[in-house]
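Working through the structure, step by step
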Protein chains: 2
Amino acid sequence: MNRQAQPNLSRGQIVAEAFELLEEAGLENLSMRRLAARLEVQAPAIYWHVTDKAELLGLMAREIYAAAYAGTGPAADWRDWLGQFGRVLNAQLAARRDGARLCALARPPSPADAPLHAGRIAAPLIALGLDEERALAHQAAVISFTLGWTTFETNGPMRDYLRQMMDFDATFTAGLDALVSGLRA
Amino acid sequence: MNRQAQPNLSRGQIVAEAFELLEEAGLENLSMRRLAARLEVQAPAIYWHVTDKAELLGLMAREIYAAAYAGTGPAADWRDWLGQFGRVLNAQLAARRDGARLCALARPPSPADAPLHAGRIAAPLIALGLDEERALAHQAAVISFTLGWTTFETNGPMRDYLRQMMDFDATFTAGLDALVSGLRA
DNA sequence: ACCTGAACACCGTTCAAGT
DNA sequence: ACCTGAACACCGTTCAAGT
């Protein structure tokens, strides 16, 4: 009965459960042991599917970015695409508890993936007419701005005070538009 | 002899030693126990001077921002000031190991400080003619962009690959200029 | 006022051993 | 191939007790 010829765990399950734990417990309580308990497994079992806690965080970050790419629709030109992408990424980061902090902390899944990752990053902008160097630079600028902004926006004490002073969404959009309109073709 | 009428420890000493430990060990090895050992004290002693590890990180982050404000000289106008500030902050964040990740992770020292903190944030720009709302918004935009950028710039694997593709300093400056020139008065 | 000693409730990770 | 049991070397934090 419990011979279990099929594995109980998969990377996908682990990452999905990690997001639920993140939501309930926050980044500082996202531990391998608590995650294992949720998966009804002993902690070392996770290490068969994932080398590291760092790798797990990297996979989670990658999923957030992937959702932002997927949520960015067809665009009239590269500025339009960047503006859309920034807003969707902001929404994806803010939708998860500690999403921005997670992405700031995480490192790319693996060094070997870096070139491939960079290729994907640049692809949509290249398709809209930018050369690779500008595509990478502009995409990095928009991701940077959005990640940094969302870090502040979701940062407890400061948020509560600043929201009295400004409309976060409007101010974010204004900054993003300022940035995108200033980038050169 | 060892009656020590004077305290051995101060917040300043603790924060200073924490920066040295950060340099040697990195953010994930910055522990209260290791810090205590460096200060030749037992770990609980630190808690007399600092309520929390979170507070300690907040104090460290504040010191980095303070250095950026201090390093920003007199400016011709508010755009000039923001450009300078962005470049100095980038340098300050990159000068410390894991500086950007530290600042992304840290929360402001105390909720009660938020209004005061916000006041200081806005002050230089208000002195250069911006109203408070725009001053806060623009300063937040520049800090966000710089913090996000430096997070990537100092993020191991990605850095090594991207540096073949672009000059980080030049690309950062281009993005910062794009942002600042797009902000409205 | 300022610090130590001892303890509580955890961590990430490794590794032999099971199935 | 995939997981458990047990262990190693740590954590942050509390709190009584010392001085």
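Details of the structure are given in the entry above.
This section reports on the structure supplied with the text. (Residues numbered from 1 in each chain as written. Chains lettered and ligands numbered in written order. Predicted model: local features only at pLDDT ≥ 70, side-chain atom pairs only at ≥ 80, totals over all residues. Heavy atoms only, no water.)

A separate point is the overall build of chain A. The helix and strand tally for chain A stands at 10 helices and 0 strands. Moving toward the C terminus, one meets the helices and strands of chain A in the order α-α-α-α-α-α-α-α-α-α. Seen along its three principal axes, the alpha-carbon backbone of chain A occupies a region of about 60 × 40 × 25 Å. For chain A, the proportion of contacts with a sequence separation of at least 24, taken over those separated by at least 6, is 68%. Working note: accessible area of chain A is about 8900 Å², and carbon and sulfur atoms make up 51% of it. Computed over 18 positive and 21 negative side-chain charges, the inter-centroid distance for chain A is 4 Å. (Helix = DSSP H or I, 4+ residues; strand = E, 2+ residues; numbered from the N terminus. Contact = heavy atoms within 4.5 Å. Areas by Shrake-Rupley, 256 points an atom, 1.4 Å probe, with all protein chains shown as cover. Lys, Arg positive; Asp, Glu negative; His and termini not counted. Charge placed at Lys NZ, Arg CZ, Asp CG, Glu CD.)

As a further point, take helix α4 (residues 53-71) of chain A. With 19 residues, α4 of chain A should reach 27 Å at 1.5 Å per residue; the first-to-last C-alpha distance of 27 Å fits that figure. Here α4 of chain A has its buried residues at Glu55, Leu56, Leu57, Gly58, Leu59, Met60, Ala61, Ile64, Tyr65 and Ala68 of chain A. Buried residues along α4 of chain A sit against α1 (11-25), α2 (32-38), α5 (78-95), α6 (99-105) and α8 (132-153) of chain A together with α8 (132-153) of chain B. (Expected span 1.5 Å × (residues − 1). Buried < 20%, exposed > 50% of the residue type's maximum accessible area, 1.4 Å probe, protein only.)

A separate point is unusual backbone geometry. Most peptide bonds take the trans form, and the phi angle of most residues other than glycine is negative. All names here are of chain A. In this structure, Glu40 is a non-glycine residue whose phi angle is positive, near 55 degrees. Tracing the sequence through the fold places Glu40 in the loop between α2 and α3 (43-49). On the basis of relative accessible area, Glu40 is assigned to the exposed category, the value being 74%.

Core analysis: the biggest nonpolar cluster contains 125 residues, and Met60 of chain A together with Met60 of chain B have the highest contact counts within it. Once residues within four sequence positions are removed from consideration, Met60 of chain A is found in contact with Val15, Ala18, Phe19, Leu22, Leu30 and Leu102 of chain A. (Core = buried A, V, L, I, M, F, W, Y, C linked by side-chain atoms within 4.5 Å.)

Once that is clear, we can look at the side chain of Asn155 of chain B. Structurally, the position occupied by Asn155 of chain B is in the loop between α8 and α9 (156-165). A residue is classified by how much of its surface remains accessible, and Asn155 of chain B, at 5% relative accessible area, is buried. Excluding residues that lie within four positions of it along the chain, Asn155 of chain B makes contacts with Ala106, Arg107 and Pro108 of chain A.

Moving on: the protein's contact with DNA strand D. Not every one of the 19 residues close to DNA strand D is listed here, only the nearest: Asn8, Gln42 and His49 of chain A together with Arg33 and Tyr47 of chain B. Take the atoms of DNA strand D that sit within 4 Å of the protein: sugar and phosphate atoms are 60% of them. Within the side chain of Tyr47 of chain B, one N or O atom sits 2.7 Å away from a phosphate oxygen of DNA strand D. Between DNA strand D and the protein, one listed contact pairs a phosphate oxygen with a side-chain N or O atom of Asp52 of chain B at 3.3 Å. Listed by contribution, the elements that provide at least two residues to the surface near DNA strand D are α3 of chain A together with α2 (32-38) and α3 (43-49) of chain B. Here the element with the most residues in the surface near DNA strand D is α3 of chain A; it accounts for 4 residues. Taken together, the residues that form the surface near DNA strand D break down as 10 nonpolar, 4 polar and 5 charged. (Near = heavy atom within 4 Å. Polar contact = N/O pair within 3.5 Å; in protein donor to acceptor, adjacent residues only side chain to side chain. Nonpolar A, V, L, I, M, F, W, Y, C, P; charged D, E, K, R; others polar.)

Moving on: the protein's contact with DNA strand C. Taken together, 19 residues lie near DNA strand C, and Arg33 and Tyr47 of chain A together with Asn8, Trp48 and His49 of chain B sit nearest. Lys53 of chain A is positioned with one of its backbone polar atoms (N or O) 3.0 Å from a phosphate oxygen of DNA strand C. At 3.1 Å from a phosphate oxygen of DNA strand C is found a main-chain nitrogen or oxygen belonging to Leu9 of chain B. For the surface near DNA strand C, the elements supplying multiple residues, two or more each, are α2 and α3 of chain A together with α3 of chain B. Per element, the largest residue contribution to the surface near DNA strand C is 4 residues, and it comes from α3 of chain B. Across the surface near DNA strand C, the residue classes break down as 10 nonpolar, 4 polar and 5 charged.

With that out of the way, let us pick up the interface of chain A and chain B. Counting residues at the interface gives 43 residues for chain A and 43 residues for chain B. A combined buried area of about 3700 Å² lies between chain A and chain B, and 74% of that area is made up of carbon and sulfur atoms. Considering only the surface of chain A that becomes buried against chain B, Arg107, Phe152 and Met158 of chain A emerge as the three largest contributors, covering 15% of it. Taken together, the links from chain A to chain B amount to 0 salt bridges. Between chain A and chain B we count 2 residue pairs in polar contact (both at pLDDT 80 or more) in total. Going through the elements one at a time, α6, α7 (114-127), α8, α9 (156-165) and α10 (168-182) of chain A are the ones with two or more residues in the side of chain A that touches chain B. (Buried area = accessible area lost by both parts, 1.4 Å probe. Salt bridge = Lys/Arg side-chain N within 4 Å of Asp/Glu carboxyl O.)

Turning our attention to the packing of aromatic side chains. Counted under the stated rule, the structure contains 12 aromatic pairs over all chains. Between Phe145 of chain A and Trp149 of chain A the ring centres are 6.2 Å apart and the planes differ by 35 degrees, which places this aromatic pair in the tilted class. You can see Phe145 of chain A and its partner Trp149 of chain A sitting in helix α8, 4 residues apart, about one turn around the helix. Owing to a relative accessible area of 0%, Phe145 of chain A belongs among the buried residues under this scheme. On the basis of relative accessibility, which here comes to 3%, the residue Trp149 of chain A falls in the buried class. Taken together, a centroid distance of 5.1 Å and an interplanar angle of 10 degrees make the contact between Trp81 of chain B and Phe85 of chain B stacked. (Phe/Tyr/Trp six-rings, centres within 6.5 Å; stacked < 30°, edge-to-face > 60°.)

Here the focus is the environment of Ala135 of chain A. Residue and element names in this part refer to chain A. Residue placement: Ala135 occurs in helix α8. Given the relative accessible area of 0%, Ala135 is considered buried. Between the C-alpha atoms of Ala135 and Ala185, which are 50 residues apart in sequence, the distance is 9.2 Å.

These values are about where atoms sit, not about what they do.
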